Amino acid sequence: MNIKISKQIKSNKGILVLPVFREEIGEFPKTFPASLKGFFEKRVKAKEFEGKKGEILTTYIDDKNLPAKVAFVGFGKKEKFSGKKNRIVSAIIGKFLKKEKATETTIVMPVEIAKYGQEFAEGLKMAQYKVDKYKTCKKQKCPVHEVENLEVVAETAPKNLKETLEKGVVIADSVNYVRDLVNGPSNIVSSDFMVAEAKKIAKENGYKITVFGDKELKKMKWGGILAVNAGSPKEAKCIVLEYNGSSKKENPVAIVGKGIMFDSGGYNLKPSRSIETMHQDMAGAAITLGLFHSMKKLGIKKNVTGIITIAENMINEKAYRPSDIITMYSGLTVEITNTDAEGRIILADGVTYAGKMNPDCIVTVATLTGAVHVALGDRYSGLMGNDLKLRDQLYKAGRETDDLGWPLPIHGDFKKKFDSKIADIVNCDKGSASWAGAQKGAAFIERFVGKNKWCHIDIGGTAFCEDTPQEFETKGATGSSLRMLVNFLENRG
Ligand code: BES
Ligand code: MN
Ligand code: ZN
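Residues numbered from 1 in each chain as written. Chains lettered and ligands numbered in written order. Predicted model: local features only at pLDDT ≥ 70, side-chain atom pairs only at ≥ 80, totals over all residues. Heavy atoms only, no water.

Q: Could you clarify how one ought to interpret the coordination of the zinc ion (ligand 3) in this entry?
A: Ideal coordination angles are 109.5 degrees for a metal with four donors arranged tetrahedrally and 90 or 180 degrees for a metal with six donors arranged octahedrally. Distances from the zinc ion (ligand 3) to its protein donors, Lys258 (NZ), Asp263 (OD), Asp281 (OD) and Glu342 (OE), fall within 2.0 to 2.5 Å. Between the two metals, the zinc ion (ligand 3) and the manganese ion (ligand 2), the spacing is 3.2 Å, and Asp263 donates to both. Taken together, the residues Lys258 in strand β9 (residues 253-263) and Glu342 in the loop between β12 (333-335) and α10 (343-355) connect sequence positions 84 residues apart. In this pair, the class of Lys258 matches that of Glu342, namely buried. (Donors = N, O, S within 2.8 Å, 3.2 Å for Na, K, Ca; no water. Helix = DSSP H or I, 4+ residues; strand = E, 2+ residues; numbered from the N terminus. Buried < 20%, exposed > 50% of the residue type's maximum accessible area, 1.4 Å probe, protein only.)

Q: Help me understand the sheet that holds strand β16 (residues 425-426), please; the structure alone is not making it clear to me.
A: Think of a sheet as strands paired side by side through backbone hydrogen bonds, with each pair either parallel or antiparallel. Here we have three strands laid out as an open sheet, ordered β11-β12-β16, and mixed in their pairing. Both outer strands of the open sheet, β11 (325-327) and β16, are each paired with one neighbouring strand and no more. Relative to β12, β11 is paired through three bridges, and the arrangement is antiparallel. In the strand pairing of β12, Ile325 is matched with Glu335. (Pairing = 2+ DSSP bridges.)

Q: Before we go on, may I ask you to explain the sheet that holds strand β2 (residues 15-20) in this structure?
A: As summarised here, the arrangement of the six strands in space is β1-β6-β5-β2-β4-β3, forming an open sheet in which the pairing is mixed. Looking at the sheet topology across the chains shown, the edges are occupied by β1 (2-6) and β3 (56-60). Looking at each pair of strands side by side, their axes are set apart by 20 degrees on average, direction ignored. Sheet topology places β2 next to strand β4 (residues 69-74); six bridges connect them, and they run parallel. Pairing of Ile15 across the sheet is with Lys69, part of β4. Strands β2, β3 and β4 of the sheet are contacted by helix α1 (residues 37-45), whose axis makes an angle of about 145 degrees with β3. (Axes fitted to C-alpha atoms, helices over the stretch in contact; angles between N-to-C directions. Contact = heavy atoms within 4.5 Å.)

Q: So what exactly am I meant to see when it comes to the packing of helix α2 (residues 83-99) against helix α4 (residues 117-127) here?
A: The description of two packed helices rests on the angle between their axes and on the distance between the axes. Two numbers describe how α2 lies on α4: the axes approach to 7 Å, and their chain directions differ by 35 degrees. With respect to the hand of their crossing, α2 and α4 are arranged in right-handed fashion. Contact with α2, carried on its side by Gly83, Asn86, Arg87, Ser90, Ala91, Ile93, Gly94, Lys95, Leu97 and Lys98, involves Glu119, Phe120, Glu122, Gly123, Leu124, Met126 and Ala127 of α4 and no other residues of that element. Here the residues of the contact of α2 with α4 are counted per class, giving seven nonpolar, five polar and five charged. (Left-handed = near helix turned anticlockwise from the far one by under 90°. Nonpolar A, V, L, I, M, F, W, Y, C, P; charged D, E, K, R; others polar.)

Q: Help me understand the coordination of the manganese ion (ligand 2) in this model?
A: Donor atoms from the polypeptide that bind the manganese ion (ligand 2) are Asp263 (OD), Asp340 (O), Asp340 (OD) and Glu342 (OE), placed at 2.0 to 2.2 Å. Given six donor atoms and angles of 70 to 169 degrees at the metal, the environment of the manganese ion (ligand 2) is assigned as irregular. Between consecutive donors of the manganese ion (ligand 2), the numbers of intervening residues give the motif D-x76-D-x1-E. Glu342 gets classed as buried once you look at its relative accessible area, which sits at 1%. (Tetrahedral: all angles 85-135°; square planar, octahedral: opposite > 155°, others 65-115°.)

Q: Explanation requested: the pattern of salt bridges in the structure shown.
A: Proximity of charged atoms lets side chains of opposite charge pair with each other. Applying the stated criterion to the full structure yields 28 salt bridges. One salt bridge connects Asp173 with Lys125, and the closest N-O pair in it is separated by 3.6 Å. Of this pair, Asp173 sits in helix α5 (residues 161-183) while Lys125 sits in helix α4, and the two are 48 residues apart along the sequence. Overall, the relative accessible area of 32% leaves Asp173 in the partly exposed class. Judged by relative accessible area, which is 10%, Lys125 ranks as buried. Of the charged contacts, one joins Lys258 and Glu342 as a salt bridge, the two residues approaching to 3.1 Å between their closest N and O atoms. The exposure class assigned to Lys258 is buried, which follows from its relative accessible area of 1%. Shared partners join several salt bridges into a network, and the residues in it are Lys125, Lys130, Glu146 and Asp173. (Salt bridge = Lys/Arg side-chain N within 4 Å of Asp/Glu carboxyl O.)

Q: I keep staring at the site of ligand 1 and nothing clicks. Help me out?
A: Close to ligand 1 lie 16 residues, the nearest being Lys270, Asp281, Asp340, Glu342 and Gly370. Asp263 is positioned such that a nitrogen or oxygen atom in its side chain is 2.9 Å from an oxygen atom of ligand 1. The side chain of Glu342 places a nitrogen or oxygen atom 2.9 Å from an oxygen atom of ligand 1. Summarising the interface, the protein chains cover 83% of the accessible area of ligand 1, which totals 510 Å² for the free molecule. Considering only residue class, the shell around ligand 1 consists of three nonpolar, six polar and seven charged. (Near = heavy atom within 4 Å. Polar contact = N/O pair within 3.5 Å; in protein donor to acceptor, adjacent residues only side chain to side chain. Areas by Shrake-Rupley, 256 points an atom, 1.4 Å probe, with all protein chains shown as cover.)

Q: I would appreciate a short explanation of the pairing of strand β13 (residues 361-366) in the present structure.
A: Strand residues, when the strand is regular, have side chains that alternate between the two faces of the sheet. The element β13 is extensively covered by neighbouring structure, given that six of its six residues are classed as buried. On β13, burial covers both faces: Cys361, Val363 and Val365 on one face and Ile362, Thr364 and Ala366 on the other are all buried. Examined bridge by bridge, β9 and β13 share five bridges and lie parallel to one another. Residue pairing in the sheet places Val256 in a bridge with Thr364 of β13. Note: β13 against strand β17 (residues 454-458), five bridges, orientation parallel. Residue pairing across strands places Ile362 opposite Trp454, the latter belonging to β17.

Q: Would you mind showing me how to read the environment of Glu446 here?
A: Of note, Glu446 is situated in helix α13 (residues 437-446). Its relative accessible area of 17% is what places Glu446 among the buried residues. In this structure, the C-alpha to C-alpha distance between Glu446 and Arg344, residues 102 residues apart in sequence, is 9.8 Å. The contacts of Glu446, once residues within four sequence positions are left out, are Asn386, Ile410, Lys415 and Trp454.

Q: How should the packing of aromatic side chains be read in this particular structure?
A: To describe a pair of aromatic rings, one takes the distance between the centres and the angle between the planes. One pass over the full model with this rule turns up 22 aromatic pairs. Ring plane angle 85 degrees and centroid distance 5.7 Å describe the contact between Tyr207 and Tyr243, whose orientation is recorded as edge-to-face. Note that Tyr207 is positioned in the loop between α6 (191-205) and β7 (208-212) and Tyr243 in strand β8 (residues 237-244), a separation of 36 residues in sequence. One aromatic cluster is present, built from ring pairs that chain together Phe28, Phe32, Phe39, Phe40, Phe49 and Phe72. (Phe/Tyr/Trp six-rings, centres within 6.5 Å; stacked < 30°, edge-to-face > 60°.)

Q: Honestly, the side chain of Ser186 in this entry has me stumped. Any pointers?
A: Position of Ser186 relative to the elements: it lies in the loop between α5 and α6. For Ser186, a relative accessible area of 14% gives the class buried. A polar atom in the side chain of Ser186 sits 2.8 Å from the backbone oxygen of Met261. Not counting residues up to four positions away in its chain, the partners in contact with Ser186 are Met261, Phe262 and His279.

Read these as geometric descriptors, not functional statements.
Next comes the structure, spelled out in structure tokens:
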């Protein structure tokens, strides 16, 4: 998206967007084209437009120097306005422009909106996301319905308006990138696909990348990820990406993402209505890739290592079974009591690896449980860990970006739930599916964390929306926790 800032309307293409706050409904702004005054005042008098949040009133102007179509957009009450509201209203604008097939738009932006340039661009761009990637259409009948040129008319604006808008575009681009990966079906977005994407991102940004396949993982004895992947025709992978945004001496933040390319449940096979969306089970891996997609462009001043653990939970004669005993990368033995509790197993190997590099902290991101969806719904990701400060930082980052997380407690006793008669631990206790399932999933991972500071983000309820998407989302993949993590890395200190 090309962004131009100007003092007065220069473009005559696409749609002209004119924001109106509720309090200002009575006076027609000087910054709007004067020829619209009569129309606007009549509509307001008739109570057809009140400036309510997200309200849209359209008309046309006959002036060759101005865009032909105009949309007055209500921004709600000025005194209650915030970055979060800006993101929501700009998303409503984004969806409106998408419906109108507008590729160009001019917005007259008062300072209250310009103050939140990042949020404005995020909302607009995230809302323009399209899911129909795999529909066939003839080239010439497939126009781009996305804003390509954005003109922002700001009489008084913060000096860094262009930068904040551009930052929002970078973040939204990465969110949309994550959505593409997560919406992509498992036969297309495969483990090889993920490796190719990671290599592309590494090359574009100059990151160091290391990829372990079956051979390397076997040699290093990553028994967890190899057992989970045993029923898949594809190789297991672990992708390690390294970003250096700070001095070499600073210990990296390790982000470990769950990449189950498809979760059939294994021999504890998932039933219909649970299995259909299990291509989403690599959302944690996609978020980790998405972070690397944006970090260099955002100039994040941290060292970050991404550990992307990739496997596919499938069934064949080689697949792991309930009752199997496996030896993890850490050396612990695990009795498999449920092949559907596979995410914690691959993450545990990833966390063991993360622990070896003396990290500042470890953050695990995963569609780990359905239980977190039951506990928190689809607006809050679960935050669990062993370090309150780290968990609070993620919570705060979630609030600041409206990409929310909510703390869940791991009771000390939950660890005992994993005692096994025959091996060191089991991977799933009998009560897990019915109560505190999210925290127990986390409690399993905690066995592998050691003394490291660790927080786990369970995006099992937020990664994929089948119910009511937010203004800046569409049904399907949401990209949840990416904005949270970007903000967290900016403020970790
Ligand atoms: N990938 C699932 C969790 C999940 C379910 C994510 C729905 C997103 C939407 C995970 O591997 C799983 O199957 N978890 C089990 C845990 C149980 C066996 C302890 C679950 O949630 O039922
Ligand atoms: Mn599972
Ligand atoms: Zn899973």
